[in-house]
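# An overview of the molecular structure
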Amino acid sequence: MSHKSPFEHRARKRFGQNFLHDAGVINRIIRSIAPKTGDHLVEIGPGQGALTRDLVDSGAQLDVVELDQDLVPILLAQFALKDNFALHQGDALRFDFSSLQRDGEKLRIIGNLPYNISTPLMFHLLSYQSLIEDMHFMLQKEVVDRLAAGPGDNHYGRLGIMVQYYCQVDFLFPVGSGAFNPAPKVESAIVRLRPHTELPHPARDVSLLQQVVRTAFTQRRKTLRNALKTLIDADSIDALGIDSGTRPERVSLAQFVAISDRLAERASSGDEE
Ligand SMILES: C[S@@+](CC[C@H](N)C(=O)[O-])C[C@H]1O[C@@H](n2cnc3c(N)ncnc32)[C@H](O)[C@@H]1O
């Protein structure tokens, strides 16, 4: 299905195009970001410029990354004359964000993201975590619930744990589907991610942490000891002060890090389970 916009651009499903048209929602997002002169903003997927106008007018440097070539003339017609605006046509998943950085300044990332690429894009951006001050994203509400969830919440799991490893996560506000054209089938929400300047729970080996968390949540109804039995025995979990009879959904990030650090120690000492 495609929908005509005021600029005669047909919204494309394959690019995840749902354009914001609700001025109240746009204002609220801009107020949450609070862009100012001296900031270096990067908007991913500017679309027809719903958020872009206020971001440019803030006086901040604004780079935008848009995949759809047909949107390029629409964006340039509105913003090409602004000397604080630069457009990069291409795929944000492959974009080298470090190429934008100047003089040690940090980037502020913004995006009403296509929902099909939001998780890989967040992890791509987290690989530049030290260059980023904060990120404001519109995502499926269910994804924001998962990002912000803590131990014991229904939505708590792998995505939230791994993003919270790198970032402070704040659920800002929900957005109804009527704010978009065409309206998506699901509700949305705005989330703020702020990369930690120092990781609160640094793991000895992040890929091991990822493996532990992935394995633990493959069958979330199992006890921790059963879920992790291919990696570590119950006594070793209990010896870390973690109840191996609990469910993975009750285990904190710090506790998952403790388990993965124990495995990393063993691997480095050549110790076998
Ligand atoms: C949900 S729309 C949001 C558009 C606009 N920011 C708004 O709020 O109305 C997502 C935008 O991301 C663009 N897009 C999709 N995949 C992309 C990718 N891989 N890299 C960069 N932009 C992409 C789409 O073409 C579209 O303009």
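Here, the structure is the one placed above.
Bear in mind the structure is a predicted one, so any value in this text is a computation, not a measurement.

Cut-offs and rules
Residues numbered from 1 in each chain as written. Predicted model: local features only at pLDDT ≥ 70, side-chain atom pairs only at ≥ 80, totals over all residues. Heavy atoms only, no water. 1 Å grid on protein atoms, 1.4 Å probe; cavity = no way out; pocket = protein on both sides within 12 Å on 5 of 7 lines; lining within 4 Å. Points joined across faces, edges and corners; volume = space filled by probe spheres on them. Helix = DSSP H or I, 4+ residues; strand = E, 2+ residues; numbered from the N terminus. Nonpolar A, V, L, I, M, F, W, Y, C, P; charged D, E, K, R; others polar. Near = heavy atom within 4 Å. Polar contact = N/O pair within 3.5 Å; in protein donor to acceptor, adjacent residues only side chain to side chain. Areas by Shrake-Rupley, 256 points an atom, 1.4 Å probe, with all protein chains shown as cover. Core = buried A, V, L, I, M, F, W, Y, C linked by side-chain atoms within 4.5 Å. Buried < 20%, exposed > 50% of the residue type's maximum accessible area, 1.4 Å probe, protein only. Contact = heavy atoms within 4.5 Å.

### Concerning empty space enclosed by the protein
For the coordinates displayed, the defined rule picks out one cavity of 30 Å³ or more. Approximately 40 Å³ is the volume attributed to the largest cavity. Contributing to the lining of the largest cavity are Ile29, Ile33, Leu51, Ile110, Gly111, Asn112, His136, Phe137, Met138 and Ile190. For the lining of the largest cavity, the elements supplying multiple residues, two or more each, are α1 (23-33), β5 (107-112) and β6 (132-140). Considering only residue class, the lining of the largest cavity consists of seven nonpolar, three polar and no charged.

### Some words on the site of the ligand
The immediate surroundings of the ligand are formed by 22 residues, with Gln17, Gly45, Glu66, Asp91 and Asn112 found nearest. At 3.3 Å from a nitrogen atom of the ligand is found a main-chain nitrogen or oxygen belonging to Leu67. A distance of 2.8 Å separates a nitrogen atom of the ligand from a polar side-chain atom of Asp91. In isolation the ligand has 590 Å² of accessible area, and contact with the protein removes 98% of it. Elements supplying a minimum of two residues to the shell around the ligand: β1 (19-20) and β3 (61-66). Class assignment for the residues of the shell around the ligand results in eleven nonpolar, seven polar and four charged.

### Looking at the nonpolar core
Ranked by internal contacts, the top residues of the largest apolar core, which has 57 residues, are Phe97, Ile109, Phe137 and Phe256. Here Phe256 is in contact with Tyr156, Ile161, Leu209, Val212, Val213, Ala216, Phe217, Leu224, Pro248 and Val251, once residues within four sequence places are set aside. If you look at the next biggest cluster of nonpolar residues, it comprises 26 residues, including Leu62, Val64, Leu71 and Phe79.

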